[in-house]
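Listed here are the chains, written in short residue letters.
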Amino acid sequence: IPGELVHASLCVGKSDDGSPFEVAEMLGVGYRRSDFYDICHEADRVVILRCKDWDDEYVSKVIETCLSFEGVDYDVKFQLGIKTLYCSELIVASDPEKRLQVSYADLIGLNRPYISPMGIYKAKNVDVVWDSQNS
């Protein structure tokens, strides 16, 4: 999705806690298990966000939901729903209580609601933990 940030993924573990992978993401090939290195290696800019309304207990639900999407195909039509998902839609679909207050603004002129990486970045209840642009 064009914009200042062009991809989104969800941290689902840390390598030092024994997790088999750290990041879940949707790519053209579908759901992919990745490591933080993969994300950094393939991106010009990496931003880590934290939702203020996701406590530790709820984060476990978000991760469990996200992991349940393994095997889901990539949504080439960018239509909201869970039969197929695109990158930023995976984040929203993983939030079962819709606590993340994302923006569905039409930033690129599709003339319909969608969630973009910038829509997540502009969520009312996220903090920027780290931005590689500022490092």
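Everything below is about the structure shown above.
Colleague: Just to check I follow, could you spell out the pairing of strand S3 (residues 30-34) for this structure?
Modeller: Where a strand is regular, its side chains alternate between the two sheet faces. Where strand S2 (residues 23-27) and S3 come together, five bridges link them in antiparallel fashion. Opposite Met26, over in S3, you have Tyr31 as the bridge partner. What sits between the antiparallel neighbours S2 and S3 is a turn of two residues.

Colleague: In this structure, what is going on with the pattern of salt bridges? I would like to understand it.
Modeller: Oppositely charged side chains can pair when the atoms bearing their charge come close. Evaluation of the coordinates by the stated rule reveals nine salt bridges. With a shortest N-O distance of 3.0 Å, Arg32 and Glu42 are connected by a salt bridge. Of this pair, Arg32 sits in strand S3 while Glu42 is found in helix H1 (residues 36-42), placing the two residues 10 residues apart along the sequence. Between Glu97 and Arg99 there is a salt bridge; the shortest N-O distance is 2.9 Å. Through salt bridges with shared partners, a single ionic network connects Asp55, Lys61, Glu97 and Arg99.

Colleague: Sorry if this is basic, but what is going on with the packing of aromatic side chains here?
Modeller: What describes a pair of aromatic rings is the distance from one ring centre to the other and the angle between the planes of the rings. Following the criterion strictly, the structure yields three aromatic pairs and no others. For the pair Tyr74 and Phe78, a centre-to-centre distance of 6.3 Å together with 90° between the ring planes defines the contact as edge-to-face. Put simply, the rings of Tyr74, Phe78 and Tyr86 touch in pairs and so form one group of aromatic residues. Against the face of Tyr58 rests Arg99, its NZ or CZ located 3.8 Å from the ring centre.

Colleague: How should the nonpolar core be read in this particular structure?
Modeller: Nonpolar side chains in soluble globular proteins tend to be buried together. Counting 27 residues, the largest nonpolar core has Tyr31, Leu90 and Leu100 as the members making the most contacts within it. Among the secondary structure elements, those contributing two or more residues to this core are S2, helix H2 (56-67) and helix H3 (87-93). The leading source of residues in this core is H3, at four residues. In this structure, Leu90 is in contact with Ala24, Glu25, Met26, Tyr31, Cys66, Phe69 and Leu85, ignoring residues within four places of it in sequence.

Colleague: Help me understand the sheet that holds S2 in this model?
Modeller: The strands making up a sheet associate through hydrogen bonds between their backbones, and the pairing can be parallel or antiparallel. Overall, antiparallel pairing links the three strands, which are arranged S1-S2-S3 in an open sheet. Bordering the open sheet on either side are strand S1 (9-11) and S3, each of which pairs with just one other strand. Each strand of the sheet is rotated relative to its neighbour by a mean of 20°, with strand direction disregarded. Against the sheet, H2 contacts S1, S2 and S3, and its axis sits at roughly 130° relative to S1.

Rules used throughout
- Each chain carries its own residue numbering, running from 1 in the direction its sequence is written.
- Given that the model is predicted, a residue must reach a pLDDT of at least 70 before its local features are reported, and side-chain atom pairs must reach 80 or more before they are shown or counted; all residues, however, enter totals for whole chains, interfaces and linings.
- To obtain the side-chain values, all non-hydrogen atoms of the structure were used and water was disregarded.
- Two strands are counted as paired when DSSP detects at least two bridges linking them.
- Segments assigned H or I by DSSP are reported as helices when at least four residues long, segments assigned E as strands when at least two residues long, and all are numbered from the N terminus.
- Here, a salt bridge means any Lys or Arg side-chain nitrogen found within 4 Å of an Asp or Glu carboxyl oxygen.
- What counts as a ring pair is set by centres within 6.5 Å for rings of Phe, Tyr and Trp (its six-membered ring), and what kind of pair is set by the plane angle: stacked under 30 degrees, edge-to-face over 60, tilted for all other angles.
- Geometrically, a lysine NZ or arginine CZ counts as sitting over a ring once it is within 6 Å of the ring centre and also within 35 degrees of the ring normal.
- The criterion is simple. A nonpolar core is a set of buried Ala, Val, Leu, Ile, Met, Phe, Trp, Tyr and Cys residues joined through side-chain atoms within 4.5 Å.
- Exposed residues in this analysis have more than 50% of their type's maximum accessible area, buried residues have under 20%, and partly exposed residues fall in between, with area computed by a 1.4 Å probe over protein chains only.
- Here a residue-residue contact requires only that any non-hydrogen atoms of the pair lie within 4.5 Å.
- Inter-axis angles, ranging from 0 to 180 degrees, are taken between N-to-C directions of lines fitted to C-alpha atoms, where helices are fitted over the stretch in contact.

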